[in-house]
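Each chain is listed here by its residues.
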Amino acid sequence: MKRGSVAVVGAAESDLGLVAPGTTPVDLMAQATFRALEDCGLKLSDIDAVFTAASQLRMPTLSLCEYLGIRPRYQDGTGIGGSSFMTHLAHAMAAIEAGLCEVALIAYGSTQRSVSRAAASPREYNPYESPYKPFLPATAYALAASRHMYEFGTTREQLAEVAVAARQWALLNPMAWEKEPLTIAQVLAARMVSYPLTVRDCCLVNDGGGAIIVTSAARAKTLRQKPAYVLGVGECLSHMSISSMPDLTTTGAAVSGAQAYAMAGLAAKDVQAVQVYDAFSINTILFLEDLGFVKKGEGGAFVANGGIAPGGHLPVNTSGGGLSYCHPGMYGLLVLIEAVRQVRGECGARQVPGCEVAIAHGNGGVLSSQVTVLLGSAATV
Amino acid sequence: MIDLKTQSPNAIYTAHCQAGELAYQVDLDSGKAVFYPRAIAPGSGGARLEWRISQGVGTVYATTAIANRNAPSHNVVLVDLDEGFRIMSRVEEIDALAVRIGMRVRVRMAPGEGDQPPYPVFTVLGDAA
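Along each chain, residue indices are assigned from 1 in the same order as the chain's sequence is written. Here the convention is simple: chains get letters from A, ligands get numbers from 1, in the order in which they are written. Totals for whole chains, interfaces and linings use all residues, but because this is a predicted model, local features are given only for residues with pLDDT of at least 70 and pairs of side-chain atoms are given and counted only at 80 or more. Excluding hydrogens and water, the side-chain figures rest on all heavy atoms present in the structure.

Caption draft 1: Representation of the sheet that holds strand β2 (residues 33-34) of chain B in the model. Residues and elements named next belong to chain B. The antiparallel open sheet is built from three strands, whose spatial order is β2-β1-β3. Bordering the open sheet on either side are β2 and β3 (49-53), each of which pairs with just one other strand. By the bridge criterion, two bridges tie strand β1 (residues 23-27) to β2 in an arrangement that is antiparallel. The residue of β2 that forms the bridge with Val26 is Ala33. At least two DSSP bridges between two strands are required for those strands to pair. Helix and strand definitions here come from DSSP, where helices need a minimum of 4 consecutive H or I residues and strands a minimum of 2 consecutive E residues; each element is numbered from the N-terminal end.

Put into structure tokens, the structure is as follows:
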């Protein structure tokens, strides 16, 4: 695929946080779609491809197309967890380049806060894991954290720094769920979930969704918003269950990131705004390492002393992330939306000055699927 | 090649557990240990999977303790068996938070809940490494 051949031209959240009883995941997808179309100035009838994933829907593209009353000529319901939407963007790019479609909708919705996480994301029985009663997904990430602490001396305080930085960014985002400051001491003293992760090391459980509109670079130039060009994409699937992950301290992001950088002709040093899927505090440390922002094993020191908080040496998860802004089950689409907004320069108090390149990294399952997207402004293509 | 109309990898594994044995497979094409049990070997794609019985000794690779609201924490570990395969399990007869990465552990079978089959758990072997 050719860097910059397509762009994200519309981006919007649905209502977030806690929605009214009876609201469905598809209501949220449709609401976000309406807003994303308004954002770019396209009409529903312009959409000729639909991409979606949702744990509450068995056949999500069917549900969304029925609801919207459209019959797109291309569709893809790939579900690999929270990174599904980065994969959808990569697949939309390929489909647009191949002439299979011209205007792609990527949408997501979840009501997991309303209906409970257990009801929204039922887990498969695994005879080689379930008898031990892992509290998934938290336990899987806790195991990875334990190994990172053992190999590299990473501390619980450094994990807590990730949550505190996310909270500081969230306080700059009017859409964020969390509204109060958070300290390292509060993270450490919070209710333990799966050691070493307390509830403050774990993502929020919210309702919410979003939508983005993707089209060719040529058409993007005719639309309302500054295009966020897709400069690079990369995907890596490494395992399904945590007991089958080859190395708990190196994720598939090392592969997906390298693919995305190679396609874009860029390196980590060229990225001004970093959005990585922070389902748990350890994620941010792992992905900063695997995506090349810091050497393997040095992520803990990198995030310490407010390193990734506002005013730190690298702006990471500027929306407040899954830890403090919003986490509706599969948060990847909201990661992409924040990256689009940073490239456009419309983030207000949390805007990264001079942001020309943003990275949006998605994670799915239990560090299972890793998908990296690099977005850039017109100056980068 | 296993005949899936007459037996499943999981049933063979479970029968070994009922006999007090931790079974695993070796991919004769690659020489690598394979776990969980499969019909086809991962990576090589070969069908020459040979069942073997583990000596049951391994090293804790990763550990966590899950907090429970009305009961003590319970431990979940990943154990690297000396034969070169990794399984999820728990270490018993030790406080959940006292389990350390690098501990040497030995397998035993725990009774399954309800009508579930027995399954492998571990105890600490001698002095912690």
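Alright, that's what it looks like, and here's the rest.
Caption draft 2: Examining helix α1 (residues 25-40) of chain A more closely. Residues and elements named next belong to chain A. Here the expected length of a helix is defined as 1.5 Å per residue gap, with one fewer gap than residues. Here α1 is 16 residues long and its end C-alpha atoms lie 23 Å apart, about the 22 Å a rise of 1.5 Å per residue gives. Classification of residues uses two cut-offs on accessible area relative to the type maximum, computed with a 1.4 Å probe and protein chains only: under 20% is buried, over 50% is exposed, and between them is partly exposed. For α1, the complete set of buried residues consists of Pro25, Val26, Leu28, Met29, Ala30, Ala32, Thr33, Ala36, Leu37, Asp39 and Cys40. Two residues form a contact once any of their heavy atoms are found within 4.5 Å. Tucked inside the fold, the buried residues of α1 contact β1 (6-13), β2 (49-52), α2 (60-68), β4 (103-110), β7 (208-216) and α14 (332-344). Just downstream of α1, Gly41 is the residue with a positive phi angle, here 90°.

Caption draft 3: Local environment of the pairing of strand β9 (residues 119-124) of chain B. Residue and element names in this part refer to chain B. In terms of burial, β9 is a largely internal element, five of the six residues being buried. Across two bridges, the pairing between strand β7 (residues 91-92) and β9 is parallel. Across the sheet, residue Glu92 finds its bridge partner in β9, namely Thr123. Note: strand β8 (residues 104-110) against β9, six bridges, orientation antiparallel. Its bridge partner lying in β9, Val105 is registered against Val124.

Caption draft 4: Local environment of the packing of α1(A) against α2(A). Residue and element names in this part refer to chain A. For helices, the fitted axis covers only the stretch in contact; all axes are lines through C-alpha atoms, and the angles between them, taken along N-to-C directions, range from 0 to 180 degrees. Orientation of α1 relative to α2, taken along the N-to-C sense of each, is 60°, at an axis distance of 10 Å. Here α1 is positioned oblique relative to α2, judged by the angle of their axes. The two elements α1 and α2 cross, and the hand of that crossing is right-handed. Note on element contacts: α2 touches α1 through Ser63, Leu64, Tyr67 and Leu68, opposite Val26, Asp27, Met29, Ala30 and Thr33. Its residues assigned to classes, the contact of α1 with α2 comprises six nonpolar, two polar and one charged. Put simply, angles under 35 degrees are roughly parallel, angles over 145 are roughly antiparallel, angles from 65 to 115 are roughly perpendicular, and the rest are oblique. Should the near helix be turned anticlockwise from the far one by less than a right angle, the crossing is termed left-handed; should it be turned clockwise, right-handed. Throughout, the ten residues Ala, Val, Leu, Ile, Met, Phe, Trp, Tyr, Cys and Pro are labelled nonpolar, Asp, Glu, Lys and Arg are labelled charged, and all others, Gly among them, are labelled polar.

Caption draft 5: View of the interface of chain A and chain B. Listed by partner, the interface residues are 27 residues for chain A and 29 residues for chain B. The term buried area denotes the loss of accessible surface (1.4 Å probe radius) that occurs when two parts are joined, taken as the sum for both partners. With both sides pooled, the region where chain A packs onto chain B buries about 2,300 Å², and carbon together with sulfur makes up 60% of that total. The rule for a salt bridge is simple: a side-chain nitrogen of Lys or Arg has to be within 4 Å of a carboxyl oxygen of Asp or Glu. Across the chain A-chain B interface, the total number found is one salt bridge. Two residues, B:Glu113 and A:Lys133, come together in a salt bridge whose shortest N-O distance is 2.5 Å. Secondary structure elements with two or more residues in the side of chain A that touches chain B: α6 (138-152) and β5 (192-194) of chain A. The element contributing the most residues to the side of chain A that touches chain B is α6(A), with six residues. In terms of residue class, the side of chain A that touches chain B is made up of 17 nonpolar, five polar and five charged.

Caption draft 6: Expanded view of the packing of helix α3 (residues 84-97) of chain A against α14(A). Residue and element names in this part refer to chain A. Where α3 contacts α14, the axes come no closer than 6 Å and their chain directions differ by 60°. Taken together, the axes of α3 and α14 lie oblique to each other. Taken together, the residues of α14 that come into contact with α3 (itself represented by Phe85, Met86 and Leu89) are Gly332, Leu333, Val335 and Leu336. Residues of the contact of α3 with α14, tallied by class, amount to six nonpolar, one polar and no charged.

Caption draft 7: Layout of the side chain of A:His327. All names here are of chain A. Structurally, His327 is set in the loop between α13 (321-324) and α14. The term polar contact refers here to a pair of N or O atoms within 3.5 Å; inside protein, the definition further demands a hydrogen-donor-capable atom paired with an acceptor-capable atom, and it admits residues adjacent in sequence only when both atoms are side-chain atoms. Of the polar contacts made by the side chain of His327, one reaches the side chain of Tyr277; its length is 2.7 Å. Aside from chain neighbours lying at most four places away, what touches His327 is Gln112, Cys203, Leu204, Val205, Asn206, Tyr277, Ala279 and Gly322.

Caption draft 8: Up close: the packing of aromatic side chains. Only centres within 6.5 Å qualify two rings of Phe, Tyr or Trp (six-membered ring in Trp) as a pair; their planes then separate them into stacked at under 30 degrees, edge-to-face at over 60, and tilted for everything else. Applying the stated criterion across every chain yields a total of 12 aromatic pairs over all chains. Centre to centre, the rings of A:Tyr128 and B:Tyr36 are 5.7 Å apart; their planes meet at 20°, and the pair counts as stacked. Residue A:Tyr128 is located in the loop between α5 (117-120) and α6, and its partner B:Tyr36 is located in the loop between β2 and β3; the two belong to separate chains. An aromatic cluster of three or more residues is present, and its members are A:Tyr128, B:Tyr13, B:Tyr24, B:Phe35, B:Tyr36 and B:Phe85. Charge-over-ring contacts are defined here by two conditions on Lys NZ or Arg CZ: a distance within 6 Å of the ring centre and an angle within 35 degrees of the ring normal. A cation sits over an aromatic face here: B:Arg38 above B:Tyr36, 3.9 Å from the ring centre. Across the ring face of B:Tyr61, the terminal group of B:Arg86 is positioned such that the distance to the ring centre comes to 3.6 Å.

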